[in-house]
Amino acid sequence: MHAMVLKALRGPLQWTELPDQAPGPGQIRVRVGACGVCRTDLHVVDGELPAPRVPIVPGHEIIGRVDAFGPGVQGLVPGQRVGIPWLGHTCGSCAYCRMQSENLCDRPGFTGYTQDGGYATAAVADARFAFPLGEQGSDESLAPLLCAGLIGWRALRIAGDGKRLGLYGFGAAAHILAQVAQRQGRSVFAFTRPGDQGTQDFARSLGAAWAGGSDEMPPGLLDAAIIFAPVGGLVPVALKAVRKGGRVVCAGIHMSDIPGFPYSMLWEERALLSVANLTRQDGLEFLALAPRIGIVTKTVRYPLRQANEALADLRAGRFEGAAVLVP
Ligand SMILES: [Zn+2]
Ligand SMILES: [Zn+2]
């Protein structure tokens, strides 16, 4: 197999030939058909997450087909298409696992962070955390659902039922979530980097009621806002844009420091929350919902060997939608 391996923090990733790995007990091996590029991959490469590990193969939006089984795997057949998400493993016994909050597990494993991921031609995963997929949709179009879609879905539920929803950072996650939210009868207000007309047009083309720079106030206060951009300075900005009792949800795994702000911005029962990881239940719900509401992902395809270019383009905001690596 081949993989793009992070051998030293801050990269670049290196094209590397590796021996084919045999799946262990409870594991499957898949031939990767596509792997989405997530902002979290940038945080992994940059060493911004706790306990960075190298060497590592990044990538946690994997669509592939099972080609080998370890002992004890049940319910999957050879050639079955599966999705492998960020949550790679949980302990099953800590207090969080026992209270249906496995996203907060004390001893978790994460695909492409603590265990090798999908920037590769093959990947090994714990079968219990892989999602069986049908045959509808291309591998490339489904890959962004595995994290951008799933984490967005979890963030949307935590944001509550408000009708006027702000999305700060209109990339892979927001472009999927905008479709879900509108299908639920909500209005979407899209905030981009100031002056980024291209992305604002993209948001309008997906039905956003309003699109503007993050330095602008929306026309009227919002019921809730979700922040996808890794910019702590957006927290007070979003708090200012939500009504009394409104919610601001931080959906990324990493953010620059949040600047101080007066208590009056949080007062009147505004709430500030974060979203961490996903549960398998989130995945089952969202992957069943996505085809029903006909989510269309906008993807930009890169050959696997150009993973460094894909990451650089994501960092610079050079494309709309989601980057996907294809072996
Ligand atoms: Zn646990
Ligand atoms: Zn991700």
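Residues numbered from 1 in each chain as written. Chains lettered and ligands numbered in written order. Predicted model: local features only at pLDDT ≥ 70, side-chain atom pairs only at ≥ 80, totals over all residues. Heavy atoms only, no water.

(A) Summary view of the packing of aromatic side chains. For the structure shown, the criterion picks out nine aromatic pairs. Between tryptophan 153 and phenylalanine 286, the aromatic rings sit 6.1 Å apart at their centres with planes inclined by 35°, giving tilted as the arrangement. Of this pair, tryptophan 153 sits in helix H4 (residues 148-158) while phenylalanine 286 is found in helix H8 (residues 280-293), placing the two residues 133 residues apart along the sequence. Taken together, Trp86, Phe110 and Tyr113 form an aromatic cluster joined through their ring pairs. Arginine 280 extends its terminal NZ or CZ atom over the ring of phenylalanine 129, reaching a point 3.8 Å from the ring centre. (Phe/Tyr/Trp six-rings, centres within 6.5 Å; stacked < 30°, edge-to-face > 60°. Helix = DSSP H or I, 4+ residues; strand = E, 2+ residues; numbered from the N terminus. Lys NZ or Arg CZ within 6 Å of the ring centre and 35° of its normal.)

(B) Broad picture of the pairing of strand S11 (residues 187-192). Of all the six residues making up S11, five are buried; the element is thus mostly covered by neighbouring parts of the structure. Here strand S10 (residues 164-168) pairs with S11 via five bridges, running parallel. Directly across from tyrosine 168, in S11, lies its bridge partner phenylalanine 191. As a crossover connection, the stretch from S10 through helix H5 (residues 172-183) into S11 is right-handed. By the bridge criterion, four bridges tie S11 to strand S12 (residues 210-213) in an arrangement that is parallel. The residue of S12 that forms the bridge with phenylalanine 191 is glycine 212. As a crossover connection, the stretch from S11 through helix H6 (residues 197-205) into S12 is right-handed. (Buried < 20%, exposed > 50% of the residue type's maximum accessible area, 1.4 Å probe, protein only. Pairing = 2+ DSSP bridges. Right-handed = clockwise from strand over helix to strand, strands pointing away.)

(C) View of the layout of surface pockets. Of the voids in this model, the largest pocket is the one considered here, and its volume is about 920 Å³. The set of elements that each furnish at least two residues to the lining of the largest pocket consists of helix H1 (39-45), H4, H5, S11, helix H9 (307-316) and strand S17 (322-326). Per-class residue counts for the lining of the largest pocket are 28 nonpolar, 14 polar and seven charged. (1 Å grid on protein atoms, 1.4 Å probe; cavity = no way out; pocket = protein on both sides within 12 Å on 5 of 7 lines; lining within 4 Å. Points joined across faces, edges and corners; volume = space filled by probe spheres on them. Nonpolar A, V, L, I, M, F, W, Y, C, P; charged D, E, K, R; others polar.)

(D) Inspection of unusual backbone geometry at higher detail. A cis amide bond, omega 0°, links glycine 11 with the succeeding residue proline 12. If you trace the backbone, proline 12 turns up in the loop between strand S1 (2-6) and strand S2 (13-17). A cis amide bond, omega -5°, links valine 54 with the succeeding residue proline 55. The phi angle at arginine 10 is positive, at roughly 75°, despite the residue not being glycine. Of note, arginine 10 is situated in the loop between S1 and S2. Look at arginine 10 and you get exposed, because its relative accessible area is 59%. Its identity as a non-glycine residue notwithstanding, asparagine 277 has a phi of 60°, on the positive side. Here asparagine 277 lies in the loop between strand S15 (271-274) and H8. The exposure class of asparagine 277 is buried, given its relative accessible area of 13%.

(E) Just the coordination of the zinc ion (ligand 2), in detail. The zinc ion (ligand 2) binds to the protein through Cys38 (SG), His60 (NE2) and Cys147 (SG), with metal-donor distances spanning 2.0 to 2.2 Å. Binding-site remark: the zinc ion (ligand 2) is held by donors from one chain whose sequence spacing is C-x21-H-x86-C. With cysteine 38 in the loop between strand S3 (27-36) and H1 and cysteine 147 in the loop between helix H3 (139-142) and H4, this residue pair connects regions lying 109 residues apart in the sequence. Cysteine 147 shares its class with cysteine 38; the two are buried. (Donors = N, O, S within 2.8 Å, 3.2 Å for Na, K, Ca; no water.)

(F) Fine view of the coordination of the zinc ion (ligand 1). The protein atoms donating to the zinc ion (ligand 1) are Cys91 (SG), Cys94 (SG), Cys97 (SG) and Cys105 (SG), with metal-donor distances spanning 2.3 to 2.4 Å. Of note is the zinc ion (ligand 1), whose four donor atoms meet at the metal with angles of 103 to 119° in an arrangement that counts as tetrahedral. When the donors of the zinc ion (ligand 1) are listed by position in the chain, the intervening gaps give C-x2-C-x2-C-x7-C. One end of the pair, cysteine 91, is in the loop between strand S6 (87-89) and helix H2 (95-98); the other, cysteine 105, is in the loop between H2 and strand S7 (109-110), with 14 residues separating them in the sequence. Using a relative accessible area of 25% as the deciding quantity, one classes cysteine 91 as partly exposed. Note on cysteine 105: relative accessible area 7%, which makes it buried. (Tetrahedral: all angles 85-135°; square planar, octahedral: opposite > 155°, others 65-115°.)

(G) Seen up close, the side chain of threonine 199. Mapped onto the elements, threonine 199 comes out in helix H6. Threonine 199 sits in the buried class, given a relative accessible area of 7%. Among the polar contacts listed, one links the side chain of threonine 199 to the side chain of glutamate 320, at a separation of 3.1 Å. Threonine 199 has contacts with Phe170, Thr192 and Glu320, leaving out every residue within four places of it along the chain. (Polar contact = N/O pair within 3.5 Å; in protein donor to acceptor, adjacent residues only side chain to side chain. Contact = heavy atoms within 4.5 Å.)

(H) Main features of a nonpolar patch on the surface. Residues Tyr96, Met99 and Leu104 make up a contiguous nonpolar surface patch of about 270 Å² in total accessible area. Mapping leucine 104 onto the fold places it in the loop between H2 and S7. (Patch = residues over 30% accessible without salt bridge, like charges linked within 9 Å, V, L, I, M, F, W, Y side chains within 5 Å. Areas by Shrake-Rupley, 256 points an atom, 1.4 Å probe, with all protein chains shown as cover. Salt bridge = Lys/Arg side-chain N within 4 Å of Asp/Glu carboxyl O.)

(I) Molecular detail of the pattern of salt bridges. Tallying each qualifying case throughout the model produces 17 salt bridges. The closest approach of N and O atoms between aspartate 139 and arginine 81, which form a salt bridge, is 2.7 Å. In this pair, aspartate 139 sits in helix H3 while arginine 81 sits in strand S5 (residues 81-84), placing the two residues 58 residues apart along the sequence. One salt bridge in this structure joins arginine 318 and aspartate 313, with 2.7 Å as the shortest N-O distance. When its relative accessible area of 55% is taken as the criterion, arginine 318 is described as exposed.

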